[in-house]
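# Coordinates in review
Here's the letter readout for the chains.
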Amino acid sequence: MIKEPQVSFYDLISSLSSAMDLVDTSVVNHQKRVAYIALFIAMEMGLAKEECAKILLAGLLHDCGVLSSTEKISAIEFEFSLTRESEKHCIIGQRFLNDVPFVSDIASLVRHHHARWNERESLSSGETVPLGAYILHLADRVEVLINRREEILGQVPGILKRIESESGRIFNPDAVEVLKNISGQECFWLDLVSPYAEKILARKLNGRVIEINLLELMDIAKLFYKIIDFRSRFTATHSMGVATGAEFIAGLAGFSQTEQKMMRIAGYLHDLGKLAVPTEILEKNGALNNYEARIMKSHTYYTYRILESINGMETINSWASFHHERLNGNGYPFHIKGNEISLGSRILAVADVVTALTEDRPYRTAMTKDKALGIIHKMVNNNSLDSYVVHLLTDNYDDVTHVIKSAQENAFRDFLSMGSVA
């Protein structure tokens, strides 16, 4: 029996924050850099350790409501904070985080991380903007002013001049003064743009890295399935269906309660690497060309590499990332085969196939039971899918697809609620 995984909360959030950068490579490490700047400002302002930790976490997740590469690119324009469009991803991010008890206390920071200082008395929501949100806003705009193609120290005077020009209007003036004080230290800027920033952030936690239990891990994985899948109506319910179906089949296969929960988590995260796949490919109404197919094939590779960096996630990672590997060795991206593929990975592969075949896609409607099972049995015959797992599916097909569809209906309602954001 597999033991419950022990996972560092910081390692998990940091790695999943990196996954969000896959949406557009021009903003790699944006969230980590914002977290770094915000943390140093908060510490210099004398905020309590607990508040600093919240600001760090909010920095790592502040753009979780950005669901398209177009919006990601728009957000790195300095003037983005002056547009009403800047509120959309803040509201979505808040909704995402409110659904996760373990991180819900940072939802207000994310909601207001584009709040302008001179409008603090006129918020339509009637909410009070937390100081941490103003710190995040300042850190976010400092980061987007950095030219990644030039050395950093020569940019500092220009960055400070631009920020000071908006002090008291867009930015909290006290936070700006603290930033100016910190800016005199070359190491602040050199560390920010160095490969060591992440390690520095971890050290600043002063041993406050905590381990999370399986239910907390599941909640965070569920948050990330939304970030992954809510980019398109055609993927909006897929991971929820896979997670639910895989968990159900795992129960039929005799997996323990702990293992079944781990299988659900693997299902939530199995398409994490699809953040690297452009929406136009996900929504293409027709067969993918060779280039598009290569891009699509990369998604399981990215899932594996991201989850690989999280200690304690080894089993969940293999189940999640090998769902396109095949027993005959013709899968991707690692071309493992036969006994190299665990039963958990085989279960998730079958759950992924049956979910994909029975849901609408841009190029076809959902398949009937007979047609779906016909394709699945052909995959058994050519040694792609595991015969034992497919036998479990076939004997319990109606029950399996019922739990998948019920879960997907709930997920689609969640997705539609995001569309109500003005």
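### Quick notes on the pattern of salt bridges
Overall, the coordinates contain 18 salt bridges when judged by the stated rule. Where Lys226 meets Asp99, a salt bridge forms, and the shortest distance between an N and an O atom there is 2.9 Å. With Lys226 in helix H12 (residues 214-229) and Asp99 in the loop between helix H5 (86-98) and helix H6 (107-111), the pair connects residues that are 127 residues apart, well separated along the chain. The structure contains a network of salt bridges with shared partners spanning Arg33, Glu143 and Arg148.

### Concerning the packing of helix H16 (residues 290-308) against helix H17 (residues 314-321)
Close contact between H16 and H17 brings their axes to 9 Å; oriented N to C, the two are set at 175 degrees. Compared by their axis directions, H16 and H17 come out roughly antiparallel. Facing H16, whose interface residues are Thr300, Thr303, Tyr304, Leu307 and Glu308, H17 presents Asn317, Ala320 and Ser321. Looking at side-chain class alone, the contact of H16 with H17 contains three nonpolar, four polar and one charged residues.

### Considering the packing of aromatic side chains
Under the criterion given, the structure shown has 16 aromatic pairs. With centroids separated by 5.0 Å and ring planes inclined at 85 degrees, the aromatic side chains of Phe188 and Trp189 adopt a geometry described as edge-to-face. Relative accessible area serves as the criterion here: at 2%, Phe188 is assigned to the buried category. Its relative accessible area of 0% is what places Trp189 among the buried residues. Aromatic side chains Tyr225 and Phe230 sit 6.0 Å apart centroid to centroid with 85 degrees between the ring planes, which places their arrangement in the edge-to-face category. For Tyr225, a relative accessible area of 0% translates into the label buried.

### Side note on the packing of helix H7 (residues 131-145) against helix H8 (residues 156-164)
Close contact between H7 and H8 brings their axes to 10 Å; oriented N to C, the two are set at 140 degrees. On the basis of the axis angle, H7 is oblique to H8. Where H7 crosses over H8, the two elements pack in a sense that is right-handed. Along the contact surface, H7 presents Leu138, Val142 and Leu145, while H8 presents Ile159, Arg162 and Ile163. Split by residue class, the contact of H7 with H8 holds five nonpolar, no polar and one charged.

### Observations concerning unusual backbone geometry
Of the consecutive residues Tyr332 and Pro333, the connecting peptide bond is found in the cis state with omega at 5 degrees. Assignment of secondary structure puts Pro333 in the loop between H17 and helix H18 (343-357). A positive phi angle, near 70 degrees, is found at Asn29, a position not held by glycine. Examined against the element boundaries, Asn29 turns out to sit in the loop between helix H1 (9-20) and helix H2 (30-44). For Asn29, a relative accessible area of 33% puts it in the partly exposed group. With a phi angle near 65 degrees, Asn383 is a residue other than glycine that sits in the positive phi range.

Parameters at a glance
- Residues numbered from 1 in each chain as written.
- Predicted model: local features only at pLDDT ≥ 70, side-chain atom pairs only at ≥ 80, totals over all residues.
- Heavy atoms only, no water.
- Salt bridge = Lys/Arg side-chain N within 4 Å of Asp/Glu carboxyl O.
- Helix = DSSP H or I, 4+ residues; strand = E, 2+ residues; numbered from the N terminus.
- Axes fitted to C-alpha atoms, helices over the stretch in contact; angles between N-to-C directions.
- Parallel < 35°, antiparallel > 145°, perpendicular 65-115°, else oblique.
- Contact = heavy atoms within 4.5 Å.
- Nonpolar A, V, L, I, M, F, W, Y, C, P; charged D, E, K, R; others polar.
- Phe/Tyr/Trp six-rings, centres within 6.5 Å; stacked < 30°, edge-to-face > 60°.
- Buried < 20%, exposed > 50% of the residue type's maximum accessible area, 1.4 Å probe, protein only.
- Left-handed = near helix turned anticlockwise from the far one by under 90°.

Remember that the coordinates give geometry; whether it matters functionally is a separate question.
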